Structures are given as structure tokens and as C-alpha cells.
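Each chain, letter by letter, is given below.
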Amino acid sequence: MSDAAAARVTALPHAPTIRPKVGRDDRLMLVFTLMIGLYLVVSLALPILFMLWKSTEVRAFPYGAVELQVDTGAGFVPAGTLEALAPKLGLGAGVDQARRSTSLTAAQLFPKRTFDGVPLEGLRMRLTGTADGTLDLSGKPVAPGEWAEVSAQDLRRLVLRAGTVRSLDNYLAYFSNPALTQSIANSFAVSLATTFITVLLAFGFAYALTRTCMPAKGLFRTIAMVPILVPSLLAGLSLVYLFGNQGLLKELLFGAKIYGAGGIIAGCVFYTFPHAFLIIATALAVSDARLYEAARVLRTPPRRAFFTVTLPGARYGLISAAFVVFTLTITEFGVPKVVGGDFNVLAVDIYKQVVGQQNFAMGAVVSVILLIPAVVAFFVDRLVTARQVALLTARAVPYAPQRNGALDWAAFAFCCVVAGLLLLVLGVSQYAALVRFWPYDLSMSLTHFAFEGVDGGGWGSYFNSLRLAFYTAVIGTVVVFVGAYLVEKGRGFLAARTGLHFLAMLPMAIPGLVLGLAYIFFFNDKSNPLNPLYGTMAILVICTVTHFYTVSHLTALTALKAMDREFEAVAASLKQPVTRMFTRITMPVCMPTGLDVAAYYFVNAMTTVSAVVFLYAPSTTLAAVAALNMDDAGQIQSAAAMCMLIFYTNLAARGVHAVLSRGLARTQEWRVR
């Protein structure tokens, strides 16, 4: 094109941009996207930000804003600010002094009723500026700028109260305390050890089920899922009955104690095993048989084929499983609470700071520190997962294991050992819950299921958990599915949908204890209009739905991605409203997945402890938290009984889920071509 022609083309007016017409359905979907996004902002983002803000809140005396006048017999004369007089009066720094006590009387400033060795006749004090702090005279506040005057005999009537300032002193105090910082090293040590052991066991178990022809695969797969159905603290209780001071197998430890790092690792291996197994089994299931055929044709030894074909194919699953186990362990609360003993970890430190010492600011600091490795592990896992490529292409041939007598029976023996250990942990708690008085009277009795006579809220706690699980399953499933539908099937408003998806992914990176503590700061604030929710069943439902949102969201998203977008295109061409499309087509097609999400919510709501341990009220105590309180009170057999009751409830729920899924399978026959 010549320069003249190019100039003429450039001079032509630009064609107007064609914007798609925004219809009623688009506006409706945008409104729902904003509503669910607002829910996640209020229930997740704002509480976490508020907690971060609170972690920098430090109590301190405003020495620089306090002026004094003293009367030593010649009338009141200025003595300067309290900041200038602090060394002379023997005061520590404002923050250090407030840590000892948040109030300071004038009698403490002048214990000998003298100033520079001269007897005091009277004292005046006032607050200047806008410093946070108060001055009380005889129990009544003194307005800033006004002098409060007392005689030498009434110095106790004048009280200076500490205010709050923003600083990093809480973090400095934390890292200057060796007992607290040791928790970081302890948490990392047990998390790394648990990750190594769990991934190793889960890989062997998954390999046996997917790559051998051993018998009873379905039974072993069911047993592997048992730890998901019980609160994590049940593993700690069982370890106490097995290896504690009165344990059945304590001789096997040769004098060592189960309380400490060993007990935490053993309990966390039990708790995290099914999570690692599911991920690794999925990774091993999607392998291409052609690679193994090529290795066989090339006469590659089985050992070399294992390291050059099997392990590389499953590496992303292994990495993802390792990060999941590490995150679950470092944020785990129930197991170290029961068998941790003097071995402090971060999750228990939060509980001790908040419940034991009522030091919420330091609890927030520990939460922030616990949040860092969890968030890093989450984003690294996301990064690694994003790099994963599809191994099972359209041309791939699914791998089918061939019979190998020695390998099959070796795998069977390995699975028997692992499944036996899992059942042993469960069985010993059931046995302990049924005997009359461990270990002196081993006759059978249901005494420990009479929860009314023990701590924790009695049977009311169990029924509260049932209510929480039901509400969470129903409300959570609806919210998650609508949100996932808007993210996947929405038209336009890309930024809002992307933001909603980002918010939906965040809960996986937030440990339950951190979320629960953030709710205390946010919802318990009197200035928050949502404050009436605090202490109700509603806040427990909101917290639980949010805590387990990510997995449910991804599950629903996977089901929706399987639906061809032509459904929406056809509905639009027929001018069918999106609500009719959602209720008549999408929901019926995705009903099995919706049932899976509801079952996931129900089971986790029954077993959750960490996220709700700070939020329950006397009228809303929960079964898992009641078990924790029973253990604290030394009623361990009742705690085991409550945990087993939760197990049987979840088992029944899974049975109902299986029956309903089988019924729904008849409506999904169209999928079979």
C-alpha cells in the first residue's frame, strides 16, 4: 500500500465499537454476582483484614500527652510531662508499663508522696492533645485539657488508663519470647515429618489400588475415607488410650511418651491420610497405558519403568498432596491440643492466647504468622497445579493393571496393615467409650453416652451440630452452586466474575482458627451493624459455609464445565430467561454434584472444631467442641463417645447420600451413549 493510500485509510473515521446489548438476564446475573461477592467479602475478606489491623493494636500509656503540676508547699508549679518524668518515677516504656497493668494511679507514681525529696501537698494532672487514653478522678472521666487535682492523701483517686496505639510492638514481643518462637520451629518440624510419612503411605496405598489386581479394593477405598468422618481430635484420644500412661500398647514405646511431637505426627498422619490418598489416587488413575507398553517392548526393567514413567506421571499429584498435607498439619488444632503436651505449636498457641490468657492482640499476631505458611503453600500449590498438562489425551489408552501374583499379594498385605492401623485408631475409641471405667473396670456400659452429666453442653450440643450441618448443607450448596454458575456460565461483566472466583478460592488458604479469631474481632465489634449475629447459630453457619467454600466451589465448577455452552446459546436463541435455564436444565443435570457438595458440607460441619471454637455460645455449643471441652475436663471416655456419635452420624449421612445418588443415577442415564 502506498503512503498516500495508507494516509487515506488512517484518515477514515474509526468504526464504532459494537457493544453487546445488556439484557434483563445479564443485569440479573450481575446482581447475583455482586450479592455472592459481597457475602464473601463480609464473611471472609473484611474479618481477615480487621484481624490484621487488630494485630498492630498495642495498649500503651500516653506519657507524652500527660502534664503534671506539683504542690510542695509553695503552690502548684509545672513539673513537665510524664514522658520526661518517667525515668525519675521509675516507669517503664508506655507499652511495657501497659503490659503489666492497663491502669496507673497517682499513688503508684509517687509512692512516698514526695517529689524530688520534698513532701507533696497536692498534684494536678491533665491529658492534652488527641492521645488515646483516659484520666479518671474518683471513677469519673476527666475531659481532655482539664486539670484533675487531688491532695497528697487522695492520690489513689486519680487514675491514668492506657489507650491504644498502632505499632509492630506485638510482633517484636512475640519474636523476643523464645517460648513462642519455638512454636514456629515445632510446627514446621511436625508438618514436614507428617508430610513425608503421609505422602509415602498414601502413595503406596493408592498405587496398590490403581496399579495392581489385589482383592477387596472397594473395601480398602472405603476404609481409607474413615478419618474424614470423625473430628481430628479423635486420633489424639485414641493415641492416649493406646500409648498413654494407661495405654494398651504403651510398652511398645519402650518408656517414651506419646505426648509431644511423636503423638502429633501420628495423629496428623491419621487425619491427613485420606486427603493425600484421594489426590495421589486421582493422579495415578490418569495414566497412558501406551507408555508402559513402550517400556515393555524396550525391555525396560520394572524398577526403571517405575522411576521413569510412573513417578513423573504422578509428580504433580504428589506435589499437590504434599502441600495439602503440610497445610492441614501446620494449621491442625485438635490433635496437638490432646496429645501435644508441652510441645507447643502455632495453632495451640492461638487458643492459649485467646482462651487461656484473653490476649486477643497476641492471638492475632500468632494467627498472622500461621497465615503466612498456609498462604504460601496454597499459592505454590496453585502454581504447580496450573503447570500440570493433561496426561490422558483423546488418543491415550487407559492403563489396566495385569495380574502379578507377588506384587498383588504384597500390595494386599501393605493395604491390610495401613487399613488395620486406621481401624485400630477408630476401634480403640469405640471400645473406650463403651467400657465402664478405663482401665480398672472394663465391663461394657453406655454410661459415657449420657452426656447430660458431663461438661460440654450435653445432648444439646449434638443436636446443635445436626442443625448446623443441615443448615450448612442446604444454604452452602445453594450459595456455592449459584456462585459457580455465575462464574462459569455468566455473560459479560468479566471483572466481577473473576473477582468472585478469586474470593471463592481464598478460604482454602485461611486456617480455621485464623478465620474464627477474625470473626471475633469483626462481628464482636459493637460498632459493626452485624454485631447481633455474634453468638448465634447464624454466625456458625456463615463461618462453616465460608470455611469449606473452595472445595465445594471447585466441585460445582467442574460439573458446570462438563456442560456444553450450547445449552445457554440455545436457551438464548429461544429467548428463555436464565432463571428457567438454571432451574429446568442446569440444576437437574448437576443434581448428583449438588448432592456431593451437600454431603461434603454436612460431614465437615459435624466434625469442624477449629473455626467455631471461638464462636459458640452456651446455647449453640457443638458436638465436636463439646468433645474438646470434655477432654479438657478429664472426661476422656465421654469425649470419645461423642466423637464416635459424630462418626455414626456421618456414616448414616454417607449412607443416605449413597441411596440418593443411586436414585439420581436413573435420571442420568442420558449420559451413557
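Preceding block: the structure.
Keep in mind that this is a model prediction, so the values were computed, not measured.

K.L.:
Got a minute to help me understand the sheet that holds strand E4 (residues 103-105) in this structure?
P.N.:
Pairing between the strands of a sheet is mediated by backbone hydrogen bonds and can be parallel or antiparallel. Read from one edge of the open sheet, 4 strands run E4-E11-E8-E9, paired in antiparallel fashion. Edge positions in the open sheet fall to E4 and strand E9 (140-141), since each of these has one partner strand only. As paired elements, E4 and strand E11 (residues 158-161) share 3 bridges and run antiparallel to each other. Looking at E11, one finds that Thr-105 is bridged to Val-159.

K.L.:
I tried to follow the nonpolar core on my own but got confused; where do I start?
P.N.:
Within soluble globular proteins, side chains that are nonpolar generally end up buried alongside one another. With 166 residues, the main nonpolar core has Tyr-174, Phe-205, Phe-277, Ile-280, Phe-333, Phe-614 and Met-642 as its most contacted residues. The element best represented in this core is helix H10 (residues 261-285), accounting for 12 residues. Counting residues in hydrophobic clusters, the runner-up holds 32 residues, among them Leu-82, Leu-89, Ala-107 and Leu-120.

K.L.:
Before we go on, may I ask you to explain the pairing of strand E7 (residues 122-127) in this structure?
P.N.:
Remark: a regular strand shows side chains that alternate across the two faces of the sheet. Here strand E2 (residues 66-71) pairs with E7 via 6 bridges, running antiparallel. When the sheet's bridge partners are listed, Asp-71 is paired in E7 with Gly-122. The sheet contact formed by E7 and strand E10 (residues 148-151) spans 4 bridges and is antiparallel. Directly across from Gly-122, in E10, lies its bridge partner Ser-151.

K.L.:
Looking at this structure, how should I read the packing of helix H18 (residues 494-505) against helix H21 (residues 549-561)?
P.N.:
Two quantities define a packed helix pair, namely the angle between the helix axes and the distance between the axes. At their nearest, the axes of H18 and H21 sit 7 Å apart, and the two run at 130° to each other. Relative to H21, H18 is oriented oblique. Of the residues in H21, those touching H18 at His-501, Ala-504 and Met-505 are Tyr-549, Thr-550, His-553, Leu-554 and Leu-557. Here the contact of H18 with H21 is built from residues that sort into 5 nonpolar, 3 polar and no charged.

Reading the values: rules and limits
Residues numbered from 1 in each chain as written. Predicted model: local features only at pLDDT ≥ 70, side-chain atom pairs only at ≥ 80, totals over all residues. Heavy atoms only, no water. Pairing = 2+ DSSP bridges. Helix = DSSP H or I, 4+ residues; strand = E, 2+ residues; numbered from the N terminus. Core = buried A, V, L, I, M, F, W, Y, C linked by side-chain atoms within 4.5 Å. Buried < 20%, exposed > 50% of the residue type's maximum accessible area, 1.4 Å probe, protein only. Axes fitted to C-alpha atoms, helices over the stretch in contact; angles between N-to-C directions. Parallel < 35°, antiparallel > 145°, perpendicular 65-115°, else oblique. Contact = heavy atoms within 4.5 Å. Nonpolar A, V, L, I, M, F, W, Y, C, P; charged D, E, K, R; others polar.

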